[in-house]
Amino acid sequence: MRSVLNDLTSTASAINMTYQQKLFSMANIGERLVDPRASLGYTDEEMIYIENNMICDLNEGYLPYRPRYIVPDYEIFVKNGCDFLDIKPPTDIDTLLDGLLILYSHVPSITSFPVYIGRLDQLIDPFIRDEESDYIKIKRFLNHIDKTIVDSFCHGNIGPVETKAGHLILKAVVELQNPTPNLTLLYDAQLTSKDFALEAVKTCLLAAKPSFSNQVMYQKDVGNHGIVSCYNALPLAGGAYTLLRLRLGTMVKKATSTKHFIDIILPEVAQNMASMMDKRIKFMVEESNFFETSFLTKEGFINQDNFTAMFGIVGLADAVNELLKLEGIHETFGQSERGDDIGHNILSKLEHIVGQHEAPYLKRTDGHYLLHAQVGADLSPEDRDNTPAHRIKVGQEPILPIHLAQSASFHKYFKSGTGDLYAFDQTYLDHLEALLDIIQGAFSEGYRYITTYLQNSDLIRVTGYLVKRSDVERFNNNQVVLRDTDIFGSGTNNNANVFNRQTRTYE
Amino acid sequence: MNQKILVNQIIPFSNVDGEGNRCSIFVQGCQLNCLYCHNSETIQICRHCGICVEHCPSKALSIHSGLVVYDESQCTQCDRCIVVCPYQSTPKTNAFTKDDLMAKIVSYRPYIRGVTFSGGEPTLYADFLTELAQKIKKLGLTVYIDSNGFFDFDAIFPLINAVDGFLLDIKAVDSIEHLCGVKDQTHLKNLERLLEIDKVIEVRTVLLNKHMDQINTLNQVADRLEVYPQVPYRLIRAHITGLKKEQEALVGEAIMTVKEFLAYGNHLRQKGFHNFILQK
Ligand code: SF4
Ligand code: SF4
């Protein structure tokens, strides 16, 4: 969406933003002052879809001068150090952690904060000498990240193999209770030991992370990858140029029948979104000089050939609910067989459309965009009608086994990421194996990503990232908070009621 | 064969009825009547007297051809019906065939390790459950029976043979008649025989004061378990929540404090028995 000059004035004098939030926000407003028809060659038709909210460009701006998500291969630093920053290869844990912190501050993204900080346990483990003192260093390192990378989309990975460093990271995560960095265990039943998996389950209940990703499935679909931002699976040493999303819940308002929606509206809007994405990528590669100027490219942390782009959707539940109404069926998505059918028809059609579209500079994914189940970190009122991704609306969820099976069937479409989250009650802390059974079961049924937390904890997962309940309350009372994601959290909760997600209690 | 079984409740995912995540199926009906039974509405089969029907505030109950019919979709789980039932029963049961139950279990299969039959007393339905257990085992799942220990071992041997093991209650020994209304000590004999053929998953005793011979019960179980290190002994402190008013009047004052309860753990330790779990 384009901005107006007035946005700058109101941001400058906002009462609930830090200096840094104002700085980044004003930069973003600046990027949206230009007319994309002039800067990117958007057509009038494309503009209409942004203005009527059917397509959301997540305020990426109209002079895209860096990729949205960057997934550096930090092993390059361990091997070579960094020439541009004049740092030698690390020789011990101190020079490693220090060097990584320096590097992070030079990794751009759409929010200007790094969304991927590496496979932390693999990076750190070779440097572990004395567990006791190294633990203190790891904990300090993680805490440093929380206070300086003030954006919970920042994501670290651990696993699949159990390491000493992996255990120390989990221990620190529980002690710190910080929202950042987000953390994912790359889970592979063949490679991840049961002890490590159980430790991760326990940590997840106590600190709302790590989440669990289906390493085997992603490795097959994306190759070497990192889990970044919310739960996006993106090529390692690459990333995603851009992410736009279709608001299915908004598009459906124009539909006169299910057929009309799937055969007419969906292809029409999807094609416009694809062509906008093409134009953004072209600008980035051909005009912004990002890949020519960044030391990340020159020194091999990233390679332009490894970049792809994400074709997102939100509001599947809302679209399906509306179409069920049009069909005269009094059921809701999540508890309706016909609803599931409509959902699959929408997504297979979209998969087909996206599979047909030839996009520029997308070598790694054969010229095709990857579907992404976006979770709507947006303050826009329009998102009230667009439930995150393919999730069931809060309050319309079926019992857990049915919920899992329903959701599992939709994961296959979203190669660049989808995930579900479930709140569990306290009793599971004494029965970690039971929770691991559920996670393993979900993966065997085609889940890509699953995460859990205790309903009553202060750290809560909003859609894919973590916020402190208490911080969101503070922001809602017009007080300044540290993280931009706390502000998103406030918007998402007001729109989607996620803090009241159904808890799984079984006696 | 379209034989059906009365089921009080199915909990798709339970983490307390054996290792890992399990589906728990609670059958209706039990031949004992223990003072502290926390789900005493599972004891009797409904007599269709109709008393509960008029007490339901949500029109979830009705009478059709002399039978009380329960409509789950209208029920708010207020449990008024259970409170007013004079016969330790509930109208909220469903009759299922083996195929009905298998369909549910198949849909839960990816997420569970097995199925636990609880109750009520599952061994009352040994024939039905034997065949069902065989089908469940074919899915690669384990089957446990949660039993009060009072059954005719030889008569239900096919069931014993078909399942992986028992979660066995030893509620009391000398005071079992006062506590549960049975005269004999079949449960101890059954424990011995099940142990011999490696069919015990765990033994459980609910502890409360006054109404039972706590130390004697603990000793009797621990002595028998000594040579079976793979079988843990779970001690559970009786709680007041979940008791009906009449029960509360009867056993309320016999509920142990946590401190009293933990002392029984010490007793076992002093005896040299360590393979127990304390559930406060
Ligand atoms: S619990 Fe019993 S009384 Fe209450 S609504 Fe359900 S059927 Fe009716
Ligand atoms: S549940 Fe109890 S009160 Fe209701 S009909 Fe059956 S026996 Fe009578």
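A closer look at the overall build of chain B
Looking only at helices and strands, chain B has 9 helices and 11 strands in total. Taken over C-alpha atoms, the radius of gyration comes to 19 Å for chain B, in line with the 19 Å a tight globule of 280 residues would show. Counting only C-alpha atoms, chain B reaches 60 × 45 × 35 Å along its principal axes. When burial is assessed residue by residue, chain B has 55% of its 280 residues classed as buried. Taking the intrachain contacts of chain B between residues at least 6 apart in sequence as the baseline, contacts between residues at least 24 apart amount to 67%. By element, 51% of the accessible surface of chain B is carried by carbon and sulfur atoms, the whole surface being about 12700 Å².

Some points on the packing of helix α9 (residues 164-176) of chain A against helix α10 (residues 194-207) of chain A
Two numbers describe a pair of packed helices, the interaxial angle and the distance between the axes. All names here are of chain A. It is at 9 Å that the axes of α9 and α10 come closest, and there the two elements cross at 15 degrees. Here α9 lies roughly parallel to α10, going by the angle between them. As α9 runs across α10, the sense of the crossing is left-handed. The residues of α10 that touch α9, namely those facing G166, H167, L170, V173 and V174, are F196, E199, A200, T203, L206 and A207. For the contact of α9 with α10, the class distribution of residues is 7 nonpolar, 3 polar and 1 charged.

So, the nonpolar core
Ranked by internal contacts, the top residues of the largest apolar core, which has 226 residues, are L246, F261 and F311 of chain A. If one sorts the elements of this core by residue count, helix α13 (residues 258-287) of chain A sits on top with 14 residues. Among residues more than four places away in sequence, those in contact with F261 of chain A are L248, M251, V252, A255, L266, P267, A319, L323 and I346 of chain A. Counting residues in hydrophobic clusters, the runner-up holds 11 residues, among them C52, V53, C56 and L61 of chain B.

Considerations on the pattern of salt bridges
The tally for this structure, following the rule as stated, stands at 39 salt bridges over all chains. D385 of chain A is the salt-bridge partner of K253 of chain A, the closest N and O atoms lying 2.7 Å from each other. Separated by 132 residues along the polypeptide, K253 of chain A in the loop between α12 (248-251) and α13 and D385 of chain A in the loop between β11 (370-373) and α18 (400-411) bring together distant segments of the chain. The exposure class assigned to K253 of chain A is partly exposed, which follows from its relative accessible area of 48%. When salt bridges with common partners are traced through the structure, they connect K194, E433 and D437 of chain A together with E19 and R113 of chain B into a single cluster.

Examining helix α11 (residues 215-222) of chain A
Residue and element names in this part refer to chain A. Listing the buried residues of α11 in full gives Q215, M217, Y218 and V222. Buried residues in α11, looked at end-on, bunch into an arc of 160 degrees, giving them a common side. On the buried face of α11, the contacting elements are β5 (182-187), β6 (211-214), β7 (225-228) and β8 (232-235). In the segment just after α11, G223 is the residue with positive phi, at about 75 degrees.

Structural notes on the sheet that holds strand β6 (residues 114-118) of chain B
The strands making up a sheet associate through backbone hydrogen bonding, with each pair oriented either parallel or antiparallel. Residues and elements named next belong to chain B. Pairing is mixed across the open sheet formed by 9 strands, whose spatial order is β5-β1-β2-β6-β7-β8-β9-β10-β11. Two strands close off the open sheet at either side, each with one partner strand: β5 (94-97) and β11 (276-279). Each strand of the sheet is rotated relative to its neighbour by a mean of 30 degrees, with strand direction disregarded. In this structure, strand β2 (residues 22-27) lies alongside β6, joined through 5 bridges in parallel fashion. Within the sheet, the bridge partner assigned to F26 lies in β6 and is S118.

Observations regarding the site of ligand 2
Surrounding ligand 2, one finds 13 residues, the nearest of these being C46, C49, G50, C52 and C85 of chain B. Counted by class, the shell around ligand 2 contains 9 nonpolar, 3 polar and 1 charged residues.

Focus: the interface of chain B and chain A
Listed per partner, the contact involves 13 residues of chain B and 19 residues of chain A. Buried area between chain B and chain A, summed over both chains or domains, comes out near 1500 Å², and the portion from carbon and sulfur atoms is 60%. Remark: the boundary between chain B and chain A carries 2 salt bridges. Put simply, R113 of chain B and D437 of chain A hold a salt bridge, and the shortest N to O gap is 2.7 Å. Joining chain B to chain A, the criterion identifies 5 residue pairs in polar contact (both at pLDDT 80 or more). Looking at the side of chain B that touches chain A residue by residue, the class counts come to 7 nonpolar, 4 polar and 2 charged.

Thoughts on the environment of M102 of chain B
Residues and elements named next belong to chain B. The residue M102 is located in helix α2 (residues 98-108) in this model. What makes M102 buried here is its relative accessible area of 11%. For the pair formed by M102 and L132, sequence separation is 30 residues and the distance between their alpha carbons is 7.8 Å. With sequence-adjacent residues up to four places away left out, M102 is seen in contact with L132, K135, I136 and L139.

Structural notes on the state of the cysteines
Residues and elements named next belong to chain A. What the rule picks out here adds up to 0 disulfides over all chains. We note that C230 lacks a disulfide partner, and the nearest cysteine sulfur, in C154, lies 12 Å from it. Under the relative-accessibility criterion, C230 is labelled buried at 8%.

What to know about α18 of chain A
Residues and elements named next belong to chain A. Compared with an ideal rise of 1.5 Å per residue, which puts 12 residues at 16 Å, α18 spans 16 Å between its outermost C-alpha atoms and is within 8% of the ideal. Of all 12 residues in α18, 9 are buried, a share of seventy percent or more. Along α18, the residues classified as buried are L400, P401, H403, L404, Q406, S407, A408, F410 and H411.

Structural notes on the confidence of the model for chain B
Residues and elements named next belong to chain B. Here chain B averages 93 in pLDDT, and 100% of its residues register 70 or above. Of all the helices and strands in chain B, helix α8 (residues 245-251) carries the lowest mean pLDDT, 84, while helix α4 (residues 157-162) carries the highest, 98. As a predicted assembly, this complex carries a pTM of 0.87 together with an ipTM value of 0.81.

Quick look at unusual backbone geometry
Between T180 of chain A and P181 of chain A the backbone carries a cis peptide bond, its omega angle lying at -5 degrees. By the secondary structure assignment, P181 of chain A is in the loop between α9 and β5. The omega torsion across K209 of chain A and P210 of chain A is 0 degrees, close enough to zero to call that bond cis. Note on placement: P210 of chain A falls in the loop between α10 and β6. For K210 of chain B, which is not a glycine, the phi torsion comes out positive at approximately 70 degrees. Overall, K210 of chain B belongs to the exposed group, its relative accessible area being 60%.

What counts as what
- Residues numbered from 1 in each chain as written.
- Chains lettered and ligands numbered in written order.
- Predicted model: local features only at pLDDT ≥ 70, side-chain atom pairs only at ≥ 80, totals over all residues.
- Heavy atoms only, no water.
- Helix = DSSP H or I, 4+ residues; strand = E, 2+ residues; numbered from the N terminus.
- Rg over C-alpha atoms; globule rule 2.2 N^0.38 Å.
- Buried < 20%, exposed > 50% of the residue type's maximum accessible area, 1.4 Å probe, protein only.
- Contact = heavy atoms within 4.5 Å.
- Areas by Shrake-Rupley, 256 points an atom, 1.4 Å probe, with all protein chains shown as cover.
- Axes fitted to C-alpha atoms, helices over the stretch in contact; angles between N-to-C directions.
- Parallel < 35°, antiparallel > 145°, perpendicular 65-115°, else oblique.
- Left-handed = near helix turned anticlockwise from the far one by under 90°.
- Nonpolar A, V, L, I, M, F, W, Y, C, P; charged D, E, K, R; others polar.
- Core = buried A, V, L, I, M, F, W, Y, C linked by side-chain atoms within 4.5 Å.
- Salt bridge = Lys/Arg side-chain N within 4 Å of Asp/Glu carboxyl O.
- Arc of directions from axis to C-beta.
- Pairing = 2+ DSSP bridges.
- Near = heavy atom within 4 Å.
- Buried area = accessible area lost by both parts, 1.4 Å probe.
- Polar contact = N/O pair within 3.5 Å; in protein donor to acceptor, adjacent residues only side chain to side chain.
- Disulfide = S-S within 2.5 Å.
- Expected span 1.5 Å × (residues − 1).
- pLDDT = per-residue confidence, 0-100.

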